[in-house]
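Structural description and commentary
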Amino acid sequence: QVQLVESGGGLVQAGGSLRLSCAASGLAFSSYAMGWFRQAPGKEREFVAGIRWSPGNYADSVKGRFTISRDNAKNTVYLQMNSLKPEDTAVYYCAADRAYIATMNPTMYDYWGQGTQVTVSS
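Every value quoted in this text rests on a predicted model; they were computed, and no experiment measured them.

Calculation rules
- Residues numbered from 1 in each chain as written.
- Predicted model: local features only at pLDDT ≥ 70, side-chain atom pairs only at ≥ 80, totals over all residues.
- Heavy atoms only, no water.
- Helix = DSSP H or I, 4+ residues; strand = E, 2+ residues; numbered from the N terminus.
- Buried < 20%, exposed > 50% of the residue type's maximum accessible area, 1.4 Å probe, protein only.
- Polar contact = N/O pair within 3.5 Å; in protein donor to acceptor, adjacent residues only side chain to side chain.
- Patch = residues over 30% accessible without salt bridge, like charges linked within 9 Å, V, L, I, M, F, W, Y side chains within 5 Å.
- Areas by Shrake-Rupley, 256 points an atom, 1.4 Å probe, with all protein chains shown as cover.
- Salt bridge = Lys/Arg side-chain N within 4 Å of Asp/Glu carboxyl O.
- Disulfide = S-S within 2.5 Å.
- Pairing = 2+ DSSP bridges.
- Axes fitted to C-alpha atoms, helices over the stretch in contact; angles between N-to-C directions.

Of note, Gln80 is situated in strand S8 (residues 76–81). In this structure Gln80 comes out as partly exposed when scored by relative accessible area, which is 27%. In this structure the side chain of Gln80 is engaged in a polar contact, spanning 2.9 Å, whose partner is the side chain of Asn82.

Moving on to a nonpolar patch on the surface. A contiguous nonpolar surface patch, about 430 Å² in accessible area, is contributed by Trp53, Tyr100 and Ile101. Assignment of secondary structure puts Ile101 in the loop between strand S9 (90–97) and strand S10 (111–112). For Ile101, a relative accessible area of 61% translates into the label exposed.

This part is about the state of the cysteines. Put plainly, two cysteines are in a disulfide when a covalent bond ties their sulfur atoms together. The full count for this structure, using the stated rule, is one disulfide. A sulfur-sulfur separation of 1.9 Å characterises the disulfide bridge that pairs Cys22 with Cys94. Disulfide Cys22 to Cys94: torsion about the S-S bond roughly 45°, handedness right-handed. Taken as a pair, Cys22 in strand S3 (residues 18–25) and Cys94 in strand S9 lie far apart in primary sequence, 72 residues in all. We note that Cys22, like Cys94, is buried.

Strand pairing in a sheet relies on backbone hydrogen bonds. The paired strands run either parallel or antiparallel. Across the sheet, four strands lie side by side as S1-S3-S8-S7; this open sheet has antiparallel pairing. For this open sheet the edge positions go to strand S1 (3–7) and strand S7 (66–71), each flanked by a neighbour on one side alone. Mean inter-strand twist for the sheet, computed between neighbouring axes without regard to direction, equals 15°. Relative to S8, S3 is paired through six bridges, and the arrangement is antiparallel. Considered in S8, the bridge of Leu20 is made with Leu79.

Side chains that differ in sign of charge can pair as their charged atoms come close. Under the criterion given, the structure shown has four salt bridges. Here Arg38 and Glu46 are joined by a salt bridge, their closest N and O atoms 2.6 Å apart. Note on Glu46: relative accessible area 35%, which makes it partly exposed. One salt bridge connects Asp88 with Arg65, and the closest N-O pair in it is separated by 2.7 Å. In this pair, Asp88 sits in the loop between S8 and S9 while Arg65 sits in the loop between strand S6 (57–58) and S7, placing the two residues 23 residues apart along the sequence. Here Asp88 and Arg65 have matching classes, each one buried. Through salt bridges with shared partners, one network takes in Arg38, Glu46, Arg65 and Asp88.

Okay, structure coming up:
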């Protein structure tokens, strides 16, 4: 059974940093593209960042502030978030897609985590 478990969310002031982790089990992790998505109340789920091989790809709204990385030995993908803004507030989800590239289309992903809340106060 495939499981993706996010952690690292929380409450932070604007300008602060958080590091999200997503631990995967039950799949051949290195064969999957991994994505981070987010969903704010009343909004659609949106792509944040994705990686199959470094350096990864990013939504324009987070370029230069967020960094995605993965450790295949630990079956874990990370999202380092710096210079956080109130508009980054959302539930953040990781997702896995057995593909060569990390697409921005959430419907292409096969597995999803339960999400972790990130709240940025102004």
